[in-house]
Amino acid sequence: MLQFNTYDTETLSAIRENLNACAEALGGTGRLLGLAETILGMKPSPLQNKTASFHFEQGKVSWDKVLFADKIVTVAQMIKKHDTMENILEKGSKKEQNAIRTLFPVTFTITPKEGEAFTFKAVDAPDAKTARINPLFELLFFASTGLIKKALKEA
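Residues numbered from 1 in each chain as written. Predicted model: local features only at pLDDT ≥ 70, side-chain atom pairs only at ≥ 80, totals over all residues. Heavy atoms only, no water.

Draft legend 1. Region of the structure containing the overall build of the protein. Secondary structure assignment for the protein yields seven helices and six strands. Reading the protein from its N end, one meets helices and strands in the order α-α-β-β-α-α-α-β-β-β-β-α-α. Since a compact globule built from 155 residues should have a radius of gyration of about 15 Å, the 15 Å found for the protein is in line with a globular shape. The principal-axis extents of the C-alpha atoms in the protein amount to approximately 40 × 40 × 25 Å. Across the 155 residues that make up the protein, the buried fraction comes to 46%. When the accessible area of the protein is evaluated, it comes to approximately 8,000 Å², of which 49% is carbon and sulfur surface. With 20 positive and 18 negative side-chain charges, the protein shows a spacing of 8 Å between the two charge centroids. (Helix = DSSP H or I, 4+ residues; strand = E, 2+ residues; numbered from the N terminus. Rg over C-alpha atoms; globule rule 2.2 N^0.38 Å. Buried < 20%, exposed > 50% of the residue type's maximum accessible area, 1.4 Å probe, protein only. Areas by Shrake-Rupley, 256 points an atom, 1.4 Å probe, with all protein chains shown as cover. Lys, Arg positive; Asp, Glu negative; His and termini not counted. Charge placed at Lys NZ, Arg CZ, Asp CG, Glu CD.)

What follows is the structure, encoded as structure tokens:
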């Protein structure tokens, strides 16, 4: 889980910039929080949709690869257990490393009803030996709205 009190100002600013860019694409912070609440309220996780997309009140979220329930559960457990800004490929178990490798190519596209689409990767992987969960992916799909608000205020 993201641990804001351990990050430097530069890291916090980058997280905040990503959140603000996503909020701006959706039409404001309220809509971003609404999207997060919608995702949290969906059971099972919207990431399990076989169409690799779901609709919400202000638009649509889609991604380019179907994700299976076992990988999503593994990622959720990993997020609770690890600081996701660290290299997961060094710290994670074999099962966690495989789940992260599955997410390498996944790109999410948030398409609002009005405005331009916003895209982001699930995993930040500068090379084959380094992988970190994208904070935006973690905040939108696995965190509470309270944590999103904290991320917006921290930086």
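Back to the text.
Draft legend 2. Molecular detail of the environment of Lys153. By secondary structure assignment, the location of Lys153 is in helix α7 (residues 145–154). Lys153 sits 23 residues away from Thr130 along the chain, and the two C-alpha atoms are 28 Å apart.

Draft legend 3. Seen up close, the environment of Gly28. Among the secondary structure elements, Gly28 is positioned in the loop between α1 (9–26) and α2 (29–41). Gly28 sits 37 residues away from Lys65 along the chain, and the two C-alpha atoms are 28 Å apart.

Draft legend 4. Fine view of the confidence of the model for the protein. Counting all residues, the mean pLDDT for the protein is 86, and 96% of those residues have values of 70 or more. Here helix α4 (residues 88–91) stands out as the element of the protein with the lowest mean pLDDT, 80, in contrast to strand β3 (residues 107–112), whose mean of 93 is the highest. (pLDDT = per-residue confidence, 0-100.)

Draft legend 5. Layout of the environment of Asn49. Relative to the assigned elements, Asn49 resides in the loop between α2 and β1 (53–56). Along the backbone, Asn49 and Leu67 are 18 residues apart, and their C-alpha atoms lie at a distance of 7.8 Å. Asn49 has contacts with Phe54 and Val66, leaving out every residue within four places of it along the chain. Separated by 2.8 Å, the side chain of Asn49 and the backbone oxygen of Ser53 make a polar contact. (Contact = heavy atoms within 4.5 Å. Polar contact = N/O pair within 3.5 Å; in protein donor to acceptor, adjacent residues only side chain to side chain.)

Draft legend 6. Main features of the nonpolar core. Residues Phe108, Phe137, Leu140 and Phe141 are the most contacted members of the largest nonpolar core, which totals 50 residues. Non-local contacts of Phe137, meaning those with residues more than four positions away in its chain, are made with Leu47, Val75, Leu103, Phe108, Phe120, Lys121, Ala122 and Phe142. (Core = buried A, V, L, I, M, F, W, Y, C linked by side-chain atoms within 4.5 Å.)

Draft legend 7. Layout of the pairing of strand β4 (residues 118–121). Here β4 shows a clear split, with Phe118 and Phe120 buried on one side and none of Thr119 and Lys121 buried on the other. By the bridge criterion, four bridges tie β3 to β4 in an arrangement that is antiparallel. Considered in β4, the bridge of Phe108 is made with Phe120. The loop that links β3 with its antiparallel partner β4 comprises five residues; one of these, Gly115, has a positive phi angle of about 105 degrees. (Pairing = 2+ DSSP bridges.)

Draft legend 8. Region of interest: the sheet that holds β1. Taken in spatial order, the four strands make up an open sheet running β1-β2-β3-β4, and their pairing is antiparallel. The sheet terminates laterally at β1 and β4, the two strands that pair on one side only. Ignoring strand direction, the axes of neighbouring strands in this sheet form an average angle of 15 degrees. One ladder, built from four bridges, connects β1 with strand β2 (residues 59–63); its direction is antiparallel. (Axes fitted to C-alpha atoms, helices over the stretch in contact; angles between N-to-C directions.)

Draft legend 9. View of the packing of aromatic side chains. Summed over all chains, the structure comprises eight aromatic pairs. Plain terms: the ring middles of Phe108 and Phe120 are 5.4 Å apart, the flat faces sit at 15 degrees to each other, and that makes the pair stacked. One end of the pair, Phe108, is in strand β3; the other, Phe120, is in strand β4, and twelve residues separate them in sequence. Overall, the relative accessible area of 0% leaves Phe108 in the buried class. With a centroid separation of 6.2 Å and an interplanar angle of 40 degrees, the aromatic rings of Phe118 and Phe120 are classed as tilted. (Phe/Tyr/Trp six-rings, centres within 6.5 Å; stacked < 30°, edge-to-face > 60°.)

Draft legend 10. Structural view of the side chain of Thr130. Note on placement: Thr130 falls in strand β6 (residues 130–133). In this structure Thr130 comes out as buried when scored by relative accessible area, which is 14%. In this structure, Thr130 is in contact with Asn87, Leu89, Asp124 and Ala125, ignoring residues within four places of it in sequence.

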